[in-house]
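Working through the structure, step by step
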Amino acid sequence: MKIDWYPGHMKKARELILDLVKNIDLIVEILDARLPQSSANPVLQELRGRRPFIRVLNKDDLADPTVTKAWKNYFEQEEGVKALPLSAKNRSASSSLQNLCRRMVPHRCKPGRPIRVMIVGIPNVGKSTMINTLAGKKMARVGDKPAITTCHQLIDLRNGILLSDTPGLLWPNLEERGGAQRLAISGAIGENAYDQGEIALYALKWLVATYPQLLIKRYKLDDLSGEPADLLATIGSKRGCLISGGEVDFRRSADLLLRDLRGGQLGRLSLETPPLAEAPAA
Ligand code: G4P
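Attention here is on the structure that accompanies the text. Please read all numbers here as calculations on a predicted model, not as lab measurements. (Residues numbered from 1 in each chain as written. Predicted model: local features only at pLDDT ≥ 70, side-chain atom pairs only at ≥ 80, totals over all residues. Heavy atoms only, no water.)

**Some words on the nonpolar core**
Side chains of a nonpolar character, in soluble globular proteins, are inclined to be buried together. The criterion, for reference: Among the buried residues, those of types Ala, Val, Leu, Ile, Met, Phe, Trp, Tyr and Cys that are joined through side-chain atoms within 4.5 Å form a nonpolar core. Between buried and exposed lies partly exposed: a residue is buried under 20% and exposed over 50% of the maximum accessible area for its type, with that area taken using a 1.4 Å probe on protein chains only. Labels follow the DSSP assignment, with helices taken as runs of H or I lasting at least four residues and strands as runs of E lasting at least two, numbered in each case from the N terminus. Domain extents, as shown, originate in an automatic or database domain assignment. The contact definition used throughout considers only heavy atoms, calling two residues in contact when any of these lie within 4.5 Å.
Core analysis: the biggest nonpolar cluster contains 83 residues, and V28, I54, L97, M130, L207, L215 and L257 have the highest contact counts within it. Of the residues forming this core, the biggest block, 7 residues, is contributed by helix α7 (residues 196-210). Looking at which domains feed residues into this core, each of domain 1 (8-165) and domain 2 (195-263) gives three or more. Apart from the residues within four sequence positions on either side, M130 is in contact with I30, L86, A88, A93, S94, L97 and I119.

Quick look at the structure:
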């Protein structure tokens, strides 16, 4: 599966990040805890310079807790980096993240000197949810910066933290083998960019290899051997995804599996493990 990003867009985004980062004390990157590698922007690490960096492992409620712990340890091996597993939908996420910001930049915690935090994330990782949870009712947009992009926003949390949000600036990490497939499985890529059936079969193969018990339990399966297409047909048939004549509706079955997986109905699972994402066997 190939997903193209317009190179001109990447070059411009890179320049914008470099420009913005000059007036930033701390960078917060929102990652999807289920795929922290592919949901990370590949150049942010390099562009941050020596600035403190928080990697939020969001959607922690959907990820395998053991794997998330391993990711946290892995990221924190690097100087100036902290990793914070949380669920942005959860109210406690706000205080956890704010407290960590203050701990990482103690010299800015003074009246009139708010911590300037750049918050970034690829689409669908939960950045808006995180901003809303952080802002609560106190949110105040303090202006655009049209010279950079019309979408750039400063959000004053009115508690000594100033968020800088620039939507649409980042692209995912597609460099790793299977990265695009894992992003598609997680729902981070628009459905028009890939074939649902192909991705469902890919996901099924990976589930059989990595989380067979979750699959057996969810769909009451007796046997996981055989071709993924046959297994998907069994799942579809058990869940009533049929067309007239009693045949299995392949598309609806694929859709059901992917929706279950994304929504956590199969259980908590992680698509990538550190230090390098293990691509699901294709
Ligand atoms: P974005 O700004 O990065 O593009 O992402 P956004 O906040 O819009 O979140 C994308 C989807 O992820 C939303 O679901 C949101 O509810 C969900 N989400 C965000 N954080 C978490 C989390 O910590 N745990 C879980 N389980 N889900 C999270 P949606 O189905 O697209 O929208 P909706 O059903 O919430 O309206």
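**Quick look at the packing of helix α6 (residues 179-186) against α7**
Heads up, the condition is: Orientation is described by axes fitted as lines to C-alpha atoms, over the contacting stretch for helices, and by angles from 0 to 180 degrees between their N-to-C directions. Just so you know how the angles are binned, under 35 degrees is roughly parallel, over 145 roughly antiparallel, 65 to 115 roughly perpendicular, and the rest oblique. Basically, the charged four are Asp, Glu, Lys and Arg, the nonpolar ten are Ala, Val, Leu, Ile, Met, Phe, Trp, Tyr, Cys and Pro, and anything else, Gly included, counts as polar.
One way to put it is that α6 packs onto α7 with a least axis distance of 10 Å and a crossing angle of 100°. Put simply, α6 runs roughly perpendicular to α7. Across from Q181, A184 and I185 in α6, the residues of α7 making contact are I199, Y202 and A203. Across the contact of α6 with α7, the residue classes tally to 5 nonpolar, 1 polar and no charged.

**Observations regarding the pattern of salt bridges**
Keep this limit in mind: The term salt bridge refers to a pairing of a side-chain nitrogen on Lys or Arg with a carboxyl oxygen on Asp or Glu at a separation within 4 Å.
In total, this model carries 14 salt bridges according to the counting rule given. One salt bridge connects R55 with E29, and the closest N-O pair in it is separated by 3.1 Å. With a gap of 26 residues between them, R55 in strand β2 (residues 53-58) and E29 in strand β1 (residues 26-32) connect regions that are remote in the sequence. For E29, a relative accessible area of 0% corresponds to the buried category. R262 is paired through a salt bridge with E191; the nearest N and O atoms lie 3.8 Å apart. Note that R262 is positioned in helix α10 (residues 250-263) and E191 in the loop between α6 and α7, a separation of 71 residues in sequence. By relative accessible area, which is 18% here, R262 ends up buried. On the basis of relative accessible area, E191 is assigned to the partly exposed category, the value being 43%.

**Considering the packing of aromatic side chains**
Test applied: Only centres within 6.5 Å qualify two rings of Phe, Tyr or Trp (six-membered ring in Trp) as a pair; their planes then separate them into stacked at under 30 degrees, edge-to-face at over 60, and tilted for everything else.
Counted by the stated rule, this structure contains 4 aromatic pairs. Here the aromatic rings of W71 and Y74 are separated by 5.7 Å at their centres, their planes lie at 80°, and the arrangement is edge-to-face. With W71 and Y74 both in helix α3 (residues 65-75) and 3 residues apart, the pair spans about one turn of that helix. Classification of Y74 as partly exposed rests on a relative accessible area of 30%. With 5.7 Å between their ring centres and 50° between their planes, Y74 and F75 make a pair best called tilted.

**Quick word on the site of the ligand**
As a reminder of what qualifies: Note on definitions. A residue lies near a molecule or strand when any single heavy atom of the residue is within 4 Å of it. Under the rule applied, a polar contact is a pair of N or O atoms within 3.5 Å (in protein, one hydrogen donor and one hydrogen acceptor; residues adjacent in sequence only if both atoms are side-chain atoms). What sets the accessible areas is the Shrake-Rupley method with a 1.4 Å probe; for residues, cover comes only from the shown protein chains.
Taken together, 15 residues form the shell around the ligand, and within it D61, N124, K127, S128 and T129 come nearest. At 3.0 Å, a side-chain N or O of N58 approaches an oxygen atom of the ligand. In the environment of the ligand, an oxygen atom lies 3.3 Å from a nitrogen or oxygen atom belonging to the backbone of V125. Across the complex, the protein chains shield 60% of the 710 Å² of accessible surface that the ligand would expose by itself. Sorting elements by how many residues they give to the shell around the ligand places helix α5 (residues 127-135) first, with 3 residues. Looking at the shell around the ligand residue by residue, the classes come out as 5 nonpolar, 6 polar and 4 charged.

**Comments concerning the environment of T210**
Note on placement: T210 falls in helix α7. Linking T210 and L271, residues 61 residues apart in sequence, is a C-alpha distance of 9.0 Å.

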